[in-house]
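Read off the chains here:
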Amino acid sequence: MTASATTADARSHARARTGGPKDDGPKILEHVLGWTLVVVLAMFVTQAGLL
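Fair warning: this is a prediction, and the values are worked out from it, not measured in the lab.

### Quick look at the overall build of the chain
The number of helices and strands found in the chain is two helices and zero strands. The buried share of the chain, taken over its 51 residues, is 0%. Looking at the chain as shown, the accessible area adds up to about 4,900 Å², and 68% of this sits on carbon and sulfur atoms.

### Structural notes on a nonpolar patch on the surface
A cluster of nonpolar residues, I28, L29, V32 and L33, forms a patch on the protein surface that exposes about 400 Å² of accessible area. Examined against the element boundaries, I28 turns out to sit in helix 2 (residues 27-47). The exposed category is assigned to I28, whose relative accessible area is 64%.

### Considerations on the UniProt feature "transmembrane region" (unreviewed entry) in the chain
Annotation from UniProt places "transmembrane region" (unreviewed entry) at residues 32-50. Helix makes up 84% of residues 32-50 and strand 0%, with an end-to-end C-alpha separation of 25 Å.

### Brief notes about helix 2
Compared with the 30 Å implied by 1.5 Å per residue over 21 residues, the 30 Å span of helix 2 between its first and last C-alpha is a close match. Taken from the residues just after helix 2, G49 is the one with a positive phi, measuring 80°.

### What to know about the environment of T46
Secondary-structure assignment places T46 in helix 2. For T46, a relative accessible area of 48% translates into the label partly exposed. Polar side-chain contacts of T46 include one of 2.8 Å to the backbone oxygen of A42.

The rules behind the values
- The residue numbers shown here count from 1 along each chain, following its written sequence.
- Residues qualify for local features only when their pLDDT is at least 70, as the model is predicted, and side-chain atom pairs are given and counted only at 80 or more; totals for whole chains, interfaces and linings, by contrast, use all residues.
- Calculated side-chain values reflect all of the structure's heavy atoms, with hydrogen atoms and water omitted.
- Numbering of helices and strands starts at the N terminus; helices are DSSP runs of H or I of at least 4 residues and strands are runs of E of at least 2.
- Relative accessibility under 20% of the residue-type maximum defines a buried residue, over 50% an exposed one, and the middle range a partly exposed one, all with a 1.4 Å probe and only protein chains included.
- Computed by Shrake-Rupley with a 1.4 Å probe, the accessible areas treat only the displayed protein chains as cover when residues are assessed.
- Each patch is built from residues that are more than 30% exposed by relative accessible area and take part in no salt bridge. Like charges join if they lie within 9 Å; nonpolar side chains (Val, Leu, Ile, Met, Phe, Trp, Tyr) join within 5 Å.
- Note on definitions: salt bridges are taken to be side-chain nitrogens of Lys or Arg within 4 Å of carboxyl oxygens of Asp or Glu.
- UniProt positions are given in the numbering used here, feature names are shortened, and annotations may be inferred rather than shown by experiment.
- Here the expected length of a helix is defined as 1.5 Å per residue gap, with one fewer gap than residues.
- Contacts described as polar in this section are N or O atom pairs within 3.5 Å, which, within protein, must combine one atom able to donate a hydrogen with one able to accept it, while residues neighboring in sequence count only if both atoms come from side chains.

Following this line, the structure appears as structure tokens:
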């Protein structure tokens with residue numbers, strides 16, 4: 001493989017985005033919302049008599 005092909009390949013991988021989570025987001029907000037969902041789900045399961 002030539003140097004120019006290697007450089008072009010590396011640049012295409014650096015630009016490729018999958019649309020996944022970004023690293024610069026508010027992580028504390030995600031944790032709070034996630035745990036809120038867990039608590040609400042647990043309350044629903046308990047009230048429904050499934051546990």
